[in-house]
Amino acid sequence: MAIEFTKYHGVGNDFILIDNRSSLTPIITPEKAIKLCDRHFGIGADGVIFALPGQNGTDYTMRIFNSDGSEPEMCGNGIRCLAVFLTELEGISRTKDFYTIHTLAGVITPQLTDDGQVKVDMGSPRLLAQEIPTTLAPADSKVINVPLEVADHTWNVTCVSMGNPHCITFVDDVAAIPLETIGPKFEHHPVFPQRTNTEFIQIVNRNYLKMRVWERGAGITLACGTGACASLVAGVLNDKCDRAATIELPGGELEIEWSEIDNKIYMTGPAERVFAGKF
Ligand SMILES: N[C@@H](CCC[C@H](N)C(=O)O)C(=O)O
């Protein structure tokens with residue numbers, strides 16, 4: 001059976017999008033997703049995203065497999081790509097300017113803006129150790145600026161869940177971080193029972209941050225939307241940045257705001273169609 005796909009990216013974080021609206025079960029397996037994501041023997045991507053029917057009154061459901069076949073709860077860049085993909089699917093017209101999307105992290109609401117960007121209501125950050133999850137602090141405590149030994153170095157880390165786990169550390173120069181070698185050590189550190197995404201953040205000023213990321217299940221990527229949201233929250237909690245900032249990633253920029261009004265995170269950025277095909 002031939003399966004159609006469309007390739008998208010959000011600031012360089014790239015995904016294979018599949019129309020899965022006829023079933024609540026992904027039409028390909030995690031093993032197949034690993035093969036499709038392979039950059040030498042497959043299509044090449046950081047993950048595979050499925051557009052499924054809505055649940056509990058939502059318009060659609062998003063599921064995603066990382067390039068290692070694991071299933072994360074949420075994907076910020078991916079949900080912007082999904083929002084644009086949905087407008088392009090046959091039979092779906094842009095009758096409203098936002099969608100409600102059921103995810104394993106709760107209901108997320110992307111909104112297509114007039115300038116072609118996508119603004120996403122990412123929900124509220126979760127800060128308790130048991131919500132990350134991590135054993136770095138007592139279950140009902142926050143993990144803010146806590147020392148963690150990784151690769152013979154003490155890193156002060158702050159942990160934030162955007163539905164998926166993030167460990168953030170502030171550094172003087174993101175370019176100097178040997179991501180390839182220390183990223184896996186953070187990801188598989190025993191204090192993170194469900195592994196973790198790790199963000200290295202350089203504060204340029206209170207409204208401009210540089211970020212590099214090692215993603216759980218995907219390794220080095222050019223951007224991570226949930227990671228950018230979590231990093232802004234960590235910056236505010238450590239009084240290093242304001243509640244709205246531009247995050248510069250290797251693949252481009254995202255605008256992130258942590259609203260004082262509703263405690264939600266709003267992420268704004270692009271989603272670009274690259275090509276389509278069949279496998
Ligand atoms: N790149 C994504 C996050 C994808 C999931 C992540 N690798 C995880 O396992 O939690 C984003 O843009 O948020």
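If you're wondering where the values come from, they're calculated on a predicted model, not measured in any experiment.

The rules behind these values
Residue numbers here run from 1 along each chain, matching the order of that chain's written sequence. Totals for whole chains, interfaces and linings use all residues, but because this is a predicted model, local features are given only for residues with pLDDT of at least 70 and pairs of side-chain atoms are given and counted only at 80 or more. Hydrogens and water are ignored here; the side-chain numbers use all heavy atoms of the structure. The rule for a salt bridge is simple: a side-chain nitrogen of Lys or Arg has to be within 4 Å of a carboxyl oxygen of Asp or Glu. Numbering of helices and strands runs from the N terminus; a helix is a DSSP stretch of H or I covering at least four residues, while a strand is a stretch of E covering at least two. Centres within 6.5 Å make a pair out of two Phe, Tyr or Trp rings, where for Trp the six-membered ring is used; the pair is then stacked when the planes are under 30 degrees apart, edge-to-face when over 60, and tilted otherwise. Only protein chains enter the accessibility calculation, which uses a 1.4 Å probe. A residue is then buried if its area is under 20% of the maximum for its type, exposed if over 50%, and partly exposed in between. Two conditions define a charge sitting above a ring: the NZ of Lys or the CZ of Arg must be within 6 Å of the ring centre, and it must be within 35 degrees of the ring normal. Working definition of a nonpolar core: buried Ala, Val, Leu, Ile, Met, Phe, Trp, Tyr and Cys residues. They are joined through side-chain atoms within 4.5 Å. Throughout, a residue-residue contact means that at least one pair of heavy atoms, one from each residue, lies within 4.5 Å.

Description of the pattern of salt bridges
Working step 1: Counted according to the given criterion, the structure contains 12 salt bridges.
Working step 2: For Arg-39, the salt bridge goes to Asp-46, with nearest N and O atoms at 3.0 Å.
Working step 3: Here Arg-206 and Asp-239 are joined by a salt bridge, their closest N and O atoms 3.0 Å apart. Separated by 33 residues along the polypeptide, Arg-206 in the loop between strand 11 (197–205) and strand 12 (208–215) and Asp-239 in the loop between helix 4 (225–237) and strand 14 (244–249) bring together distant segments of the chain.

A few points about the packing of aromatic side chains
Working step 1: All told, the structure shown has 8 aromatic pairs when counted by the stated rule.
Working step 2: Plain terms: the ring middles of Tyr-8 and Phe-85 are 6.1 Å apart, the flat faces sit at 75 degrees to each other, and that makes the pair edge-to-face. Residue Tyr-8 is located in strand 1 (residues 4–10), and its partner Phe-85 is located in helix 2 (residues 76–88); the two are separated by 77 residues in the primary sequence. When sorted by exposure, Tyr-8 lands in the same class as Phe-85, which is buried.
Working step 3: Ring centres of Phe-50 and Phe-65 lie 5.3 Å apart, and the angle between their planes is 75 degrees; this geometry places the pair in the edge-to-face category. Here Phe-50 is found in strand 3 (residues 47–53), whereas its partner Phe-65 is found in strand 4 (residues 60–66), with 15 residues between them in sequence. Each of the two residues, Phe-50 as well as Phe-65, counts as buried.
Working step 4: Put simply, the rings of Phe-5, Phe-275 and Phe-279 pair up and form one aromatic cluster.
Working step 5: The side chain of Lys-119 reaches across the aromatic face of Tyr-266, ending 5.3 Å from its centre.
Working step 6: Directly above the aromatic system of Trp-258 lies the positively charged group of Arg-243, at a separation of 4.4 Å from the ring centroid.

Some details on unusual backbone geometry
Working step 1: A cis amide bond links Ile-132 to the next residue, Pro-133, at an omega of -5 degrees.
Working step 2: Its identity is not glycine, yet Arg-195 carries a phi of approximately 60 degrees, on the positive side.
Working step 3: Mapping Arg-195 onto the fold places it in the loop between helix 3 (179–187) and strand 11.

Considering the nonpolar core
Working step 1: Counting 54 residues, the largest nonpolar core has Met-62, Leu-82, Met-122 and Ile-256 as the members making the most contacts within it.
Working step 2: Ranked by residue count, the leading element in this core is helix 2, at 7 residues.
Working step 3: The residues contacting Ile-256, other than those within four sequence positions of it, are Ala-228, Cys-229, Leu-232, Arg-243, Ala-244, Ala-245, Ile-247, Ile-265, Tyr-266 and Met-267.
Working step 4: Counting residues in hydrophobic clusters, the runner-up holds 22 residues, among them Leu-136, Ala-137, Val-143 and Ile-177.

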